[in-house]
Amino acid sequence: MISKYSLIRLISALPTITPTPPLTVPVTNSISLTMADINSYREIGYHVIPNLLSPSQLEQWRTIVFSAVKDRAEKKYKFSTVNEEDHTNIDFDYYDNVFTQRVSLWQTHNSVKELLLESGGVIGKIAAELEGIDCVRIWCDQALIKEPFANPTAWHLDIPYWSFTSLHAISVWIALDDATLENGCMYFMPGSHKVTERRYYAENNTFTEIKIGKNLSDIFNAYPELKTWQTVAVPMKAGSASFHSGLLIHGAGANMTPGRRAAMTIQMMPDNMVFNGKQNILTKKQMNELQIGVSVFNDDNLNPILYKKPC
Ligand SMILES: O=C(O)CCC(=O)C(=O)O
């Protein structure tokens, strides 16, 4: 017979399974894109959907995401596996004050997984239509919380960070608080996805990786031709969202306010993506097992399908 004391010790040694609020209001809105929306996305590289979440959906996303972030933050780990290092960034003194970043919450919190998968018919479908692909898988999700007085997010593009290479990777950025000019809303360089794509081909199918560091303008070391490019700020109300191409240059302002700016994001990829050798969010164990140019990220347990176009 096990004593009460041993039982308590046993329970506290088990991995945490976070209690999850029941999912009552997933994203099931019927949002249809027009051809003009799709053409505009392909021209400028991003698309904004005001009120992607209804007020009750927003409340649920906030409850679920913030509870998962709090849980991870208390255990002080950014990735879904403890003791993994961040291979995408270098200047942590600065980067840790760009935002509180918690990656792949879906892997440790069932509520987040349910929330994302339930939303697939809307979010995944929009991503598929914008990119013209049949299947959308989750590469990762990230809660990105710009704390009061946080640093700006330097200009960058996403795809060079990731462990697969696709010209059809796409992210959704969902505002969980109002994102304003004052608290660090997103900024885009419309059309820059075409420049980065051209350079990818010109440079033998490679991308230069620009870290999110202290210098906003580091991006121009790689893309000097974009120095005179116009940029747009994209403030949005909580519950609204933007989709952006993995090739698009984007960033976010500093948070100049004593309030928080929170966003939930999903980084999405097409089917049949092949490992390119980059670690990004992969664990040390995965890195030992994956073969460059051979391993494919099609395991539904690791990269779940968010949306598949009906045949
Ligand atoms: O939220 C931010 O500050 C930046 C977000 C971003 O770079 C992204 O979602 O790709």
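Look a little higher up for the structure.
Residues numbered from 1 in each chain as written. Predicted model: local features only at pLDDT ≥ 70, side-chain atom pairs only at ≥ 80, totals over all residues. Heavy atoms only, no water.

Student: Got a minute to help me understand the pattern of salt bridges in this structure?
Tutor: Charged atoms that come close allow side chains of opposite charge to pair. Scanning the entire structure with this criterion turns up twelve salt bridges. Residue Asp-300 is joined to Arg-137 by a salt bridge in which the shortest nitrogen-to-oxygen separation is 2.7 Å. Placement of Asp-300 in the loop between helix H9 (284-289) and strand E11 (305-308) and of Arg-137 in strand E3 (residues 135-146) is noted, with a sequence separation of 163 residues between them. When the shortest N-O distance is used, the salt bridge between Glu-209 and Lys-211 registers 2.9 Å. (Salt bridge = Lys/Arg side-chain N within 4 Å of Asp/Glu carboxyl O. Helix = DSSP H or I, 4+ residues; strand = E, 2+ residues; numbered from the N terminus.)

Student: Looking at this structure, how should I read the site of the ligand?
Tutor: Taken together, 13 residues surround the ligand, and among them Thr-153, His-156, Trp-173, His-250 and Arg-261 come closest. Between Asp-158 and the ligand, the recorded distance is 3.3 Å, taken from a side-chain N or O atom to an oxygen atom. One of the side-chain nitrogen or oxygen atoms of His-244 is found 3.2 Å away from an oxygen atom of the ligand. In the complex, 95% of the free accessible area of the ligand, which totals 290 Å², lies under the protein chains. For the shell around the ligand, the secondary structure elements donating two or more residues are E3, strand E4 (153-156), strand E9 (250-252) and strand E10 (261-269). Its residues placed into classes, the shell around the ligand shows five nonpolar, five polar and three charged. (Near = heavy atom within 4 Å. Polar contact = N/O pair within 3.5 Å; in protein donor to acceptor, adjacent residues only side chain to side chain. Areas by Shrake-Rupley, 256 points an atom, 1.4 Å probe, with all protein chains shown as cover. Nonpolar A, V, L, I, M, F, W, Y, C, P; charged D, E, K, R; others polar.)

Student: I would appreciate a short explanation of the pairing of E3 in the present structure.
Tutor: As a general feature of sheets, a regular strand has side chains that alternate between the two faces. Where burial is concerned, most of E3 is hidden: twelve out of the twelve residues are buried. Alignment of strand E2 (residues 100-103) against E3, held across four bridges, turns out to be antiparallel. Bridge pairing in E3 places Arg-102 opposite Ala-143. Bridging between E3 and E11 involves three bridges; their strand directions are antiparallel. Each residue of the ladder has a partner; that of Arg-137, found in E11, is Ile-305. (Buried < 20%, exposed > 50% of the residue type's maximum accessible area, 1.4 Å probe, protein only. Pairing = 2+ DSSP bridges.)

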